[in-house]
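Descriptive analysis of the structure
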Amino acid sequence: MANTPTTAKLTIGADSYDFPVRKGTIGPDVVDISDLYKKTGRFTFDPGFTSTAACDSAITYIDGDKGELLYCGYPIEQLAEKGNFLETCYLLLHRELPTKEEFAAFNKAITYHTMLHEQMNRFYSGFRRDAHPMAVMVGVVGALSAFYHDSTDIQDAHQRMVASHRMIAKMPTIAAMAFKYHIGQPFNYPRNDHDYASNFLQMCFRVPCEDYKVNPVLAKAMDRIFILHADHEQNASTSTVRLAGSSGANPFACIAAGIACLWGPAHGGANEAALQMLQEIGTVENIPAFLAKVKDKNEHTRLMGFGHRVYKNYDPRAKVMQKTCHEVLATMGKHDDPLLHVAMELERIALSDDYFLSRKLYPNVDFYSGITLKAMGFPTSMFTALFALARTVGWIAQWTEMIEDPAQRIGRPRQLYTGAVRRDYAPLDQRA
Ligand code: CMC
């Protein structure tokens, strides 16, 4: 890469303009066009931001062609195998893995922020029982800003940190309460003698009438699922959080915006959609007919849990998820779940089918996460809420990075206007 150019030339008609080329530590260089409009009077056009870097970031790196995901340089597979979610949170927030002392202090800070203001419990009864947990999450997380006034000043580094700890700590409580409300069971308070994932499981599955002991295999799987979903660079919901935050909105409001964006089926809602798809297919014999529908342009059917905007290879999270799926199903005595057979056969066929190979469509993290979560006892409606819980730390890390970036400005994309040109208003009785 010795001769990589440091400037890029843009020629428009007879005029030429130079733009600096900037280098990251890894990944493609970027052409810095931030003064393109000033120099040329033109904008770039990039719907879906497929070729646009909107910020500097030192948190997460994806090599979509290789199928690689790094959190602050650490491969996701190593963190999922050897680490735990809370140290991953520390890593994303501080860019370094914690020492023993740092981890103990961080663990304590999170553990002692897990309870919700008691008055917040009443919000839940304002929702219909059949409300989607994501609808509840958007509302309750946004409402945190009405309760924790001492951590909404975004210019104060200490308040930013307290807000971060509060959200990482309270999100499991909020999600578990959304779940309990949804199924008509009483809320469970957090337990400070449990680790992060075990505490979440006990808040979800403990009932007052019997003892509940957290299954360590499920706790490990839950923790791993949280690690896999913790951050994913500038995806739609993270970009939403950054855009909301760029106006100076408080962190709780920004994370609520991220949750709203994550809800969509092309993003966080995909694991719910993938499981529904597997249920619809039902048995292995129905796979060819389903794949024929996927390939038929008139059907508008997609193989959910397949394909990714950035990964044009196997999503590295999907490999870890597949292993976790087998472990969970085995421990729950569900290794013969017909859905698992449908998933494995679908994956086998799709990975040798030219339609998928030529479009570089590989399983993504959502392909196996739905079956896994179902086997753990979660209804499909909770899947995206679990994703939101895990992604909260990524959103916060990215939001903090943005606020601390001296180059940060309010986000304001431009457009190619294709509507009517200027015309004069005609009173109603004079319109044709
Ligand atoms: N099934 C069948 N065909 C597909 C699929 C799919 N899942 N995904 C893309 N294609 C086809 C698409 O029809 C198009 O074909 P053609 O060139 O013949 O028109 C081609 O592949 C490119 O599609 P695209 O829509 O331009 O690709 P994209 O990068 O904009 O879309 C995606 C990425 C994730 C929205 C899409 O792959 C998709 O809808 N997948 C299913 C939903 C899903 O699993 N989403 C979870 C993403 S991972 C979780 C996360 O990180 O949020």
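See the structure printed just above.
One structure accompanies this document, and this report is about it. (Residues numbered from 1 in each chain as written. Predicted model: local features only at pLDDT ≥ 70, side-chain atom pairs only at ≥ 80, totals over all residues. Heavy atoms only, no water.)

**Quick word on the overall build of the protein chain**
What counts, and what does not: Think of it this way: any DSSP run of H or I at least four residues long counts as a helix, any run of E at least two long counts as a strand, and we number them from the N terminus. Restricting the calculation to C-alpha atoms gives the radius of gyration, and the globule rule supplies 2.2 Å times the number of residues raised to the power 0.38. Accessible area is worked out with a 1.4 Å probe on protein chains only. A residue is then buried under 20% of its type maximum, exposed over 50%, and partly exposed in between. Working rule for contacts: check all heavy atoms of both residues, and any pair within 4.5 Å makes them a contact. With residues, only the protein chains shown are counted as cover, and all accessible areas are computed by Shrake-Rupley using a 1.4 Å probe. Lys and Arg are tallied as positive, Asp and Glu as negative. Neither His nor the chain termini are counted. A charge is said to be at NZ when it belongs to Lys, at CZ for Arg, at CG for Asp and at CD for Glu.
Along the protein chain, the regular secondary structure elements total 18 helices and 6 strands. Rg of the C-alpha trace for the protein chain: 24 Å, near the compact-globule value of 22 Å for 432 residues, within the 12% margin. The principal-axis extent of the C-alpha atoms belonging to the protein chain is close to 80 × 70 × 60 Å. Here the protein chain holds 432 residues, and 47% of them are scored as buried. The contacts of the protein chain with a sequence gap of at least 6 include a subset with a gap of at least 24, amounting to 70%. Per element, the accessible surface of the protein chain, about 21,900 Å² overall, is 54% carbon and sulfur. Each charge class in the protein chain can be summarised by its mean position, and for the 45 positive and 47 negative side chains these summaries are 3 Å apart.

**Brief notes about the sheet that holds strand β2 (residues 15–22)**
Sheets are built from strands that pair by backbone hydrogen bonding, the pairs being arranged parallel or antiparallel. To keep things clear, this is the line we draw: Here, any two strands with at least 2 DSSP bridges between them count as paired.
Strand order in the open sheet made by the 3 strands is β1-β2-β3, with antiparallel pairing throughout. Lying at the two open borders of the sheet, with one neighbouring strand each, are β1 (7–12) and β3 (30–31). Two strands pair when backbone bridges link them, and β2 and β3 are joined in this way by 2 bridges, in the antiparallel orientation. Paired with Arg-22 across the strands is Val-30, a residue of β3.

**Focus: the environment of Gly-73**
Along the chain, Gly-73 falls in the loop between β5 (68–71) and β6 (74–75). Overall, Gly-73 belongs to the partly exposed group, its relative accessible area being 48%. Remark: the alpha-carbon pair of Gly-73 and Ile-59, spanning 14 residues in sequence, is separated by 8.2 Å.

**Comments concerning the site of the ligand**
As a reminder, the rule being used: By convention in these notes, a residue is near a molecule or strand provided one of its non-hydrogen atoms lies within 4 Å of it. Here a polar contact is taken to be a pair of N or O atoms separated by no more than 3.5 Å, where protein atoms must pair a possible hydrogen donor with a possible acceptor and residues adjacent in sequence count only if both atoms sit in side chains. Here the nonpolar group is Ala, Val, Leu, Ile, Met, Phe, Trp, Tyr, Cys and Pro; Asp, Glu, Lys and Arg are the charged ones; every other residue, Gly included, is treated as polar.
In the vicinity of the ligand there are 21 residues, among which His-267, Lys-297, Arg-302, Leu-303 and Gly-305 approach most closely. Measuring from an oxygen atom of the ligand, one finds a side-chain N or O atom of Lys-297 at 2.7 Å. Between the ligand and Leu-303, the relevant distance is 2.8 Å, taken from a nitrogen atom to a main-chain nitrogen or oxygen of the residue. Look at the ligand: alone it shows 950 Å² of surface, and the protein chains cover 75% of it. Class assignment for the residues of the shell around the ligand results in 8 nonpolar, 6 polar and 7 charged.

**Quick look at the environment of Asn-235**
Mapped onto the secondary structure, Asn-235 falls in the loop between α9 (216–228) and α10 (236–246). In this structure Asn-235 comes out as buried when scored by relative accessible area, which is 12%. For the pair Asn-235 and His-267, spaced 32 residues apart in the sequence, the C-alpha separation amounts to 8.6 Å. The residues contacting Asn-235, other than those within four sequence positions of it, are His-267 and Arg-391. In this structure the side chain of Asn-235 is engaged in a polar contact, spanning 3.3 Å, whose partner is the side chain of His-267.

**Topic: α10**
Turning to α10, its buried residues are Ser-237, Thr-238, Val-241, Arg-242, Gly-245 and Ser-246. Next to the buried residues of α10 lie α11 (251–262) and α18 (383–404).

**Regarding the pairing of β1**
Pairing between β1 and β2: 6 bridges, direction antiparallel. Bridged to Ala-8 within β2 is Phe-19. Adjacent in sequence and paired antiparallel, β1 and β2 are bridged by 2 residues, among which Gly-13 carries a positive phi angle near 60°.

**Quick notes on the nonpolar core**
Heads up, the rule is: Nine residue types can take part in a nonpolar core, namely buried Ala, Val, Leu, Ile, Met, Phe, Trp, Tyr and Cys, and a core is a set of them joined through side-chain atoms within 4.5 Å.
The biggest cluster of nonpolar side chains holds 113 residues, and the ones touching the most others in it are Phe-200, Met-222, Leu-303 and Phe-378. Sequence-distant contacts of Phe-378, defined by excluding residues within four places in its chain, comprise Phe-200, Leu-201, Cys-204, Phe-205, Met-222, Leu-373, Phe-383 and Leu-386.

**Observations concerning the side chain of Asn-188**
Within the secondary structure layout, Asn-188 lies in the loop between α7 (157–183) and α8 (196–205). Non-local contacts of Asn-188, meaning those with residues more than four positions away in its chain, are made with Lys-180, Gln-202, Met-203 and Arg-206.

That's the geometry; what it means functionally is another story.
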